[in-house]
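Okay, here's what each chain looks like letter by letter:
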Amino acid sequence: MNEKDIKNLEEIFEQRIARDEKIEPKDWMPEKYRQTHIRQISQHAHSEIVGMLPEGNWITRAPTLRRKVALLAKVQDEAGHGLYLYSATETLGITREELYEQLHSGKAKYSSIFNYPAITWADMGAIGWLVDGAAIINQVALCTTSFGPYARAMVRICKEESFHQRQGFEILLTLCNGTEVQKAMAQDSLNRWWWPSLMMFGPPDAESTHTEQSMKWKLKRKSNDDLRQQFIDQTIPQAEILGIKVPDPDLKWNEKRKSYDFGEIDWEEFWQVVKGHGPCNKERINARIDAWEKGVWVRDAALAYAEKQSDKKLNKAV
Ligand SMILES: [Fe+2]
Ligand SMILES: [Fe+2]
């Protein structure tokens, strides 16, 4: 194919996206589109899977059977999200093994929020309320993104995330209506998760490298700063219902903007965690590598069984 042909194909491709048509795995796509989607969808898949770790930690210690069942279902949902998203990434021509390799070697990133520890039961509430809440705001727009398999996976994922957010809020509401000690536990949890949740929307617009191209491909509909503001405006009234305070002395309603003004985010902390120096980075990656290594015999057994079955079929055919 000469340069002119490629230019034509690119033009047709961009027009299809502009018309809101879905791009499917076998359609022609620019290499940059393919690579950007592999990076973004696999990063999303890794976040779902690593995100199971802080909460999985609390399944055996949930305070009641009802809470245990709900948490178990939530963590299982996250595994499902990871699996849809790994499958969607594979349609772009990369194998599951390569994707895991990238996670285990540190080449691929996942949401840095999961490098913070979940140290009390209230953290199960804060993670659901804030982390799943922030994830929904980031993800709703992806239901109409241009790459078909990603957009379709996101429809179901968003529905489940909204259930997760409500179960988290309900955990905190129960604690906030409980004893002084329980309420203090909820407040402490909000103190620790608030700022990392705001960091989930990524660096400020001025420093965000992929925004412009991602907007064009509908991988992004709003900028990081706009999404962060939307999250804050949505979440503060919920904190008021809970009766706990967001740990930001500069937080103030701005009547003119009809939005909350808020304090400076510690971006130095964000970059430290992204670079691997957060409180749990090593622990999370080691847990994933350990799971991969301990699962070798399961994968081998499944492959051996599949081979045996296909041999049987072959023998019958002969
Ligand atoms: Fe999820
Ligand atoms: Fe979730």
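Up top is the structure.
Scope of this entry: the structure provided in the associated data block. Keep in mind the model is a prediction, meaning the values are calculated, not measured. (Residues numbered from 1 in each chain as written. Chains lettered and ligands numbered in written order. Predicted model: local features only at pLDDT ≥ 70, side-chain atom pairs only at ≥ 80, totals over all residues. Heavy atoms only, no water.)

1. Digging into the overall build of the chain
Secondary structure assignment for the chain yields 13 helices and 2 strands. Its C-alpha atoms give the chain a radius of gyration of 22 Å, near enough to 20 Å, the size a compact globule of 318 residues would have. The principal-axis extents of the C-alpha atoms in the chain amount to approximately 75 × 50 × 35 Å. The buried share among the 318 residues of the chain stands at 47%. Put simply, the chain shows about 17,000 Å² of open surface, and 57% of that area lies on carbon and sulfur atoms. Taken as two groups, the 44 positive and 46 negative side-chain charges of the chain have centres that lie 4 Å from each other. (Helix = DSSP H or I, 4+ residues; strand = E, 2+ residues; numbered from the N terminus. Rg over C-alpha atoms; globule rule 2.2 N^0.38 Å. Buried < 20%, exposed > 50% of the residue type's maximum accessible area, 1.4 Å probe, protein only. Areas by Shrake-Rupley, 256 points an atom, 1.4 Å probe, with all protein chains shown as cover. Lys, Arg positive; Asp, Glu negative; His and termini not counted. Charge placed at Lys NZ, Arg CZ, Asp CG, Glu CD.)

2. A short note on unusual backbone geometry
The phi torsion at aspartate 20 lies on the positive side, around 70°, for a residue other than glycine. Position of aspartate 20 relative to the elements: it lies in the loop between α1 (3–18) and α2 (31–50). Positive phi, normally seen in glycine, also occurs at lysine 258, with a value near 55°. Of the residues examined, lysine 258 reaches a relative accessible area of 51% and is grouped as exposed.

3. Considering the coordination of the iron ion (ligand 1)
Protein ligation of the iron ion (ligand 1) involves Glu48 (OE), Glu78 (OE), His81 (ND1) and Glu161 (OE), the donor distances falling in the range 2.0 to 2.2 Å. Bound by 4 donor atoms, the iron ion (ligand 1) shows angles of 85 to 137° at the metal and therefore irregular coordination geometry. All donors of the iron ion (ligand 1) come from a single chain, and their spacing in sequence reads E-x29-E-x2-H-x79-E. A separation of 3.4 Å is found between the iron ion (ligand 1) and the iron ion (ligand 2), which share glutamate 78 as a coordinating residue. Separated by 30 residues along the polypeptide, glutamate 48 in helix α2 and glutamate 78 in helix α4 (residues 65–90) bring together distant segments of the chain. One exposure class covers both glutamate 48 and glutamate 78, and it is buried. (Donors = N, O, S within 2.8 Å, 3.2 Å for Na, K, Ca; no water. Tetrahedral: all angles 85-135°; square planar, octahedral: opposite > 155°, others 65-115°.)

4. Here's the deal with the pattern of salt bridges
Tallying each qualifying case throughout the model produces 20 salt bridges. Note that glutamate 21 and arginine 16 form a salt bridge whose closest N and O atoms lie 2.9 Å from each other. On the basis of relative accessibility, which here comes to 30%, the residue glutamate 21 falls in the partly exposed class. Of the charged contacts in the structure, one is a salt bridge between lysine 294 and aspartate 290, with a shortest N-O distance of 2.9 Å. (Salt bridge = Lys/Arg side-chain N within 4 Å of Asp/Glu carboxyl O.)

5. Some details on the coordination of the iron ion (ligand 2)
Bound to the iron ion (ligand 2) on the protein side are Glu78 (OE), Asp132 (OD), Glu161 (OE) and His164 (ND1), at distances that span 1.9 to 2.2 Å. Between the 4 donor atoms coordinating the iron ion (ligand 2), the angles at the centre fall across 88 to 153°, so the site counts as irregular. Positions of the donor residues of the iron ion (ligand 2), expressed as sequence spacing, correspond to E-x53-D-x28-E-x2-H.

6. Some remarks on the side chain of arginine 228
Note that arginine 228 resides in helix α10 (residues 224–242). Since its relative accessible area comes to 2%, arginine 228 is described here as buried. At a separation of 2.8 Å, a polar atom in the side chain of arginine 228 contacts the side chain of aspartate 225. When sequence neighbours within four positions are dropped, the list of residues in contact with arginine 228 reads Leu198, Met199, Phe201, Gly202, Pro203, Pro204, Ile265 and Trp267. (Polar contact = N/O pair within 3.5 Å; in protein donor to acceptor, adjacent residues only side chain to side chain. Contact = heavy atoms within 4.5 Å.)

7. Concerning the environment of methionine 124
Summarising the element assignment, methionine 124 is placed in helix α6 (residues 122–139). When its relative accessible area of 0% is taken as the criterion, methionine 124 is described as buried. With 44 residues separating them along the chain, methionine 124 and glycine 168 place their C-alpha atoms 6.4 Å apart. Not counting the four nearest positions on each side in its chain, methionine 124 is found in contact with Pro54, Glu55, Trp58, Leu71, Ala118, Gln167, Gly168 and Ile171.

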